[in-house]
Amino acid sequence: MPASVETDVTQDWRDESSYDYTAHLTVRGWAWEFLRRNPAFQRDLLTAFQGVNNLSRSAPSR
């Protein structure tokens, strides 16, 4: 799976060749393609990352 949930803005949705990679997607790959474009998922993931970063910064150093 891609590390980023952001949609690749360099892809032109009108250009069929921009989506050639989808011909070989598994069910899991298709699920990821839909999920990563979901604005609610993007917000929730950002909130989770921010929470982890806050915990990391507030953790006592050893």
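Criteria and thresholds
- Residues numbered from 1 in each chain as written.
- Predicted model: local features only at pLDDT ≥ 70, side-chain atom pairs only at ≥ 80, totals over all residues.
- Heavy atoms only, no water.
- Phe/Tyr/Trp six-rings, centres within 6.5 Å; stacked < 30°, edge-to-face > 60°.
- Buried < 20%, exposed > 50% of the residue type's maximum accessible area, 1.4 Å probe, protein only.
- Helix = DSSP H or I, 4+ residues; strand = E, 2+ residues; numbered from the N terminus.
- Contact = heavy atoms within 4.5 Å.

Before going further, it helps to spend a moment on the packing of aromatic side chains. Inspection of every chain in the model, using the stated rule, returns three aromatic pairs. Geometrically, the ring pair formed by Tyr-19 and Tyr-21 is tilted, given 6.2 Å between the ring centres and 35° between the ring planes. Note on Tyr-21: relative accessible area 31%, which makes it partly exposed. Ring centres of Trp-30 and Phe-34 lie 6.1 Å apart, and the angle between their planes is 35°; this geometry places the pair in the tilted category. Pair noted here: Trp-30 and Phe-34 are both in helix H1 (residues 27-36), with a separation of four residues, about one helical turn. Using a relative accessible area of 37% as the deciding quantity, one classes Trp-30 as partly exposed.

Attention shifts here to the side chain of Ser-18. Along the polypeptide, Ser-18 turns up in the segment before H1. Ser-18 gets classed as buried once you look at its relative accessible area, which sits at 16%. Contacts of Ser-18, omitting those with residues within four sequence positions, involve Gln-11 and Asp-12.

Read these as spatial facts, not as claims about activity.
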